[in-house]
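Residue strings, one per chain:
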Amino acid sequence: MDKIPVYFMPGLAASPKIFENIKLPEDRFEMFYLEWCLPLDDESIGGYAKRIAANIKHDNPVLIGVSFGGILVQEIAAIIKARKVIIISSVKCNTEFPRRMRFAKMTRAYRIFPTGMMQNVDWLAKIAVGNNMITRRLNLYEKFLSIRDKKYLDWALKTIILWDRTLPDETVVHIHGDADEVFPVKYIKNYIPVKGGTHIMIINKAKWLNENLPSIILKE
């Protein structure tokens, strides 16, 4: 029996390390990892998706994307045929954005977001002490962020806020934590809930995902 190729796309600026605890049965699935690259000048999300899709070497793969990666795999699925598209901690269209993101679009506030601060995460993580939430989150950022170029970060924020998909693709499988602080569930429709799952549940809810992803992928 041929193995099912499963391609994973991490969240904004993150490396494939965020999937280090995700394990699929090796007799049924083969796991591959996509990575972010620097955007071209004024590149559309469709053009960017086409460049990332060039790294997919299998026909009819399963595409799994987290957060912004979930948006991107939906755009990739418009370019290549996918067996299934699964998004985690993400959105299916811009009507699922929280109010603050809609406000950012209306006011173009994304243009003044201090993305340069993310380039200092290494330094901040090294001086952070204690076991508080901020220290733990900074240490996670230091470990999992792979691309901190300001050009990429500015492009990514603008691309997310201005995403123009207004209607969800009903074939997309959406897994979402009921405690997601970035995309609150009150704005999300038609999803598989994960109790206690936050926006980083790909890391701290790996056990749930490992138990459920195989059947979700195989479900007709």
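What counts and what doesn't
- Residues numbered from 1 in each chain as written.
- Predicted model: local features only at pLDDT ≥ 70, side-chain atom pairs only at ≥ 80, totals over all residues.
- Heavy atoms only, no water.
- Core = buried A, V, L, I, M, F, W, Y, C linked by side-chain atoms within 4.5 Å.
- Buried < 20%, exposed > 50% of the residue type's maximum accessible area, 1.4 Å probe, protein only.
- Helix = DSSP H or I, 4+ residues; strand = E, 2+ residues; numbered from the N terminus.
- Contact = heavy atoms within 4.5 Å.
- Pairing = 2+ DSSP bridges.
- Right-handed = clockwise from strand over helix to strand, strands pointing away.
- Salt bridge = Lys/Arg side-chain N within 4 Å of Asp/Glu carboxyl O.
- Axes fitted to C-alpha atoms, helices over the stretch in contact; angles between N-to-C directions.

**Student:** Can you walk me through the nonpolar core in this structure?
**Tutor:** As a rule of thumb, nonpolar side chains are buried together in soluble globular proteins. Residues Phe 68, Leu 72, Ile 76 and Tyr 152 are the most contacted members of the largest nonpolar core, which totals 34 residues. Those elements giving two or more residues to this core turn out to be β1 (4-9), α1 (45-53), α2 (68-76), β4 (84-88), α3 (99-107) and α6 (150-161). Per element, the largest residue contribution to this core is six residues, and it comes from α6. Setting aside its immediate chain neighbours within four residues, Phe 68 contacts Gly 11, Leu 12, Trp 36, Ile 45, Tyr 152, Trp 155, Ala 156, Thr 159 and Ile 160. In terms of nonpolar packing, the next biggest core, distinct from the first, is built from 24 residues, Phe 19, Phe 29, Ile 64 and Val 194 among them.

**Student:** I keep staring at the pairing of β4 and nothing clicks. Help me out?
**Tutor:** Along any regular strand, the residues point their side chains to alternate faces of the sheet. The buried count for β4 comes to five of five residues, which makes it a mostly enclosed element. Because side chains alternate across β4, one face comprises the buried residues Lys 84, Ile 86 and Ile 88, and the other comprises Val 85 and Ile 87, equally buried. In terms of strand pairing, strand β3 (residues 62-66) meets β4 through five bridges, oriented parallel. Bridged to Val 66 within β4 is Ile 88. Note that the unit made of β3, α2 and β4 has a crossover that is right-handed. Here β4 runs beside strand β5 (residues 173-177); their pairing, made up of three bridges, is parallel. By the bridge assignment for β5, Ile 86 is matched with Val 173.

**Student:** Please clarify how the pattern of salt bridges should be interpreted in this entry.
**Tutor:** Side chains that carry opposite charge are capable of pairing whenever their charged atoms lie near each other. Per the stated rule, a full pass over the model turns up six salt bridges. Measuring nitrogen to oxygen at the nearest pair gives 3.5 Å for the salt bridge that ties Glu 75 to Arg 165. Pair noted here: Glu 75 is in helix α2 and Arg 165 is in the loop between α6 and β5, with a separation of 90 residues, a long-range link. For the residue pair Glu 75 and Arg 165, the accessibility class agrees, reading buried in each case.

**Student:** Got a minute to help me understand the sheet that holds β4 in this structure?
**Tutor:** Hydrogen bonding along the main chain pairs the strands of a sheet, whether they run parallel or antiparallel. The six strands are arranged β2-β1-β3-β4-β5-β6 in an open sheet whose pairing can be described as parallel. Lying at the two open borders of the sheet, with one neighbouring strand each, are β2 (29-33) and β6 (192-194). In this sheet, adjacent strand axes meet at a mean angle of 20° when their direction is disregarded. Pairing between β5 and β6: three bridges, direction parallel. Its bridge partner being in β6, Ile 175 is matched across the sheet by Ile 192.

**Student:** Sorry, what's going on with the environment of Ala 82 here?
**Tutor:** Summarising the element assignment, Ala 82 is placed in the loop between α2 and β4. Separated by 21 residues in sequence, Ala 82 and Pro 61 have C-alpha atoms that sit 5.1 Å apart. In contact with Ala 82, other than residues within four places in its own chain, are Asn 60, Pro 61 and Leu 63.

**Student:** Can you walk me through the environment of Ser 67 in this structure?
**Tutor:** Within the secondary structure, Ser 67 sits in the loop between β3 and α2. With 57 residues separating them along the chain, Ser 67 and Pro 10 place their C-alpha atoms 7.5 Å apart. Excluding anything up to four places from it in sequence, Ser 67 contacts Gly 11, Ile 88, Ser 89, Ser 90, Phe 183 and His 199.

Functional significance is not addressed by these values, which are geometric in nature.
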